[in-house]
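Single-letter residue listing:
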Amino acid sequence: RSSTITRQATPRAAARIIAPRDGSLLALDPDVPDARERMLFEAAAPDPALAFVLDGRRLGRADAPLLWPLEKGRHRLALVAADGATLDSVAFSVR
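Residues numbered from 1 in each chain as written. Predicted model: local features only at pLDDT ≥ 70, side-chain atom pairs only at ≥ 80, totals over all residues. Heavy atoms only, no water.

Just to check I follow, could you spell out the sheet that holds strand β3 (residues 38-44) for this structure?
Picture the strands of a sheet paired through backbone hydrogen bonds; they go either parallel or antiparallel. Taken together, the three strands give an open sheet; going across it, the order is β1-β3-β6, and neighbouring strands pair in antiparallel fashion. Among the strands making up the open sheet, the edge pair consists of β1 (16-19) and β6 (66-69). Here the strands of the sheet are splayed against their neighbours by 35° on average, with no regard to which way each runs. Sheet analysis places β1 next to β3, joined by three bridges and oriented antiparallel. Pairing of Arg 16 across the sheet is with Ala 44, part of β3. (Pairing = 2+ DSSP bridges. Helix = DSSP H or I, 4+ residues; strand = E, 2+ residues; numbered from the N terminus. Axes fitted to C-alpha atoms, helices over the stretch in contact; angles between N-to-C directions.)

Explanation requested: the side chain of His 75 in the structure shown.
Position of His 75 relative to the elements: it lies in strand β7 (residues 73-80). A distance of 2.8 Å separates a polar atom in the side chain of His 75 from the backbone oxygen of Glu 71. The contact partners of His 75, leaving out residues within four places of it in the chain, are Leu 54, Asp 55, Trp 68, Val 90, Ala 91, Phe 92 and Val 94. (Polar contact = N/O pair within 3.5 Å; in protein donor to acceptor, adjacent residues only side chain to side chain. Contact = heavy atoms within 4.5 Å.)

What should I look at first to understand the sheet that holds strand β4 (residues 47-54) in this one?
Pairing in this open sheet of five strands is mixed, and the strands run β2-β8-β7-β4-β5 from one edge to the other. A single partner strand is all that each edge strand has here, and the edge strands are β2 (24-26) and β5 (57-62). Each strand axis lies, on average, 25° off the axis of its neighbour in the sheet, ignoring direction. Bridge analysis of β7 against strand β8 (residues 86-94) gives eight bridges, and the strand direction is antiparallel. Pairing of Ala 78 across the sheet is with Ser 89, part of β8.

Can you help me understand the pattern of salt bridges in this one?
It is possible for side chains bearing opposite charge to pair when their charged atoms get close. Under the definition given, this model contains two salt bridges. Linking Glu 71 and Arg 57 is a salt bridge whose minimum nitrogen-to-oxygen distance equals 3.9 Å. With Glu 71 in the loop between β6 and β7 and Arg 57 in strand β5, this pair connects stretches of sequence that are 14 residues apart. With relative accessibility at 35%, the residue Glu 71 sits in the partly exposed group. What makes Arg 57 partly exposed here is its relative accessible area of 40%. Among the ionic pairs, Arg 61 bridges to Asp 63, the shortest N-O distance being 2.6 Å. (Salt bridge = Lys/Arg side-chain N within 4 Å of Asp/Glu carboxyl O. Buried < 20%, exposed > 50% of the residue type's maximum accessible area, 1.4 Å probe, protein only.)

In structure tokens:
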């Protein structure tokens, strides 16, 4: 008797951004070189079929945490499905 294990896709309701939090405000540290400052992007229920999209630019798959080099300004991070549907989004600022 054999059995097959299949990985089910993440239910859309479970797909959400857990880092950063909506409304976060980060300040660049003058004592840390700009090239070393990073912000963590992380999704609950990581899934390779989902992607992080920042300000309209696809950053990569959302199946693992991502460290993004900080850029000053207001930003919107979205969690996007393969069909282009936005499943969650957060806004944050870096100054």
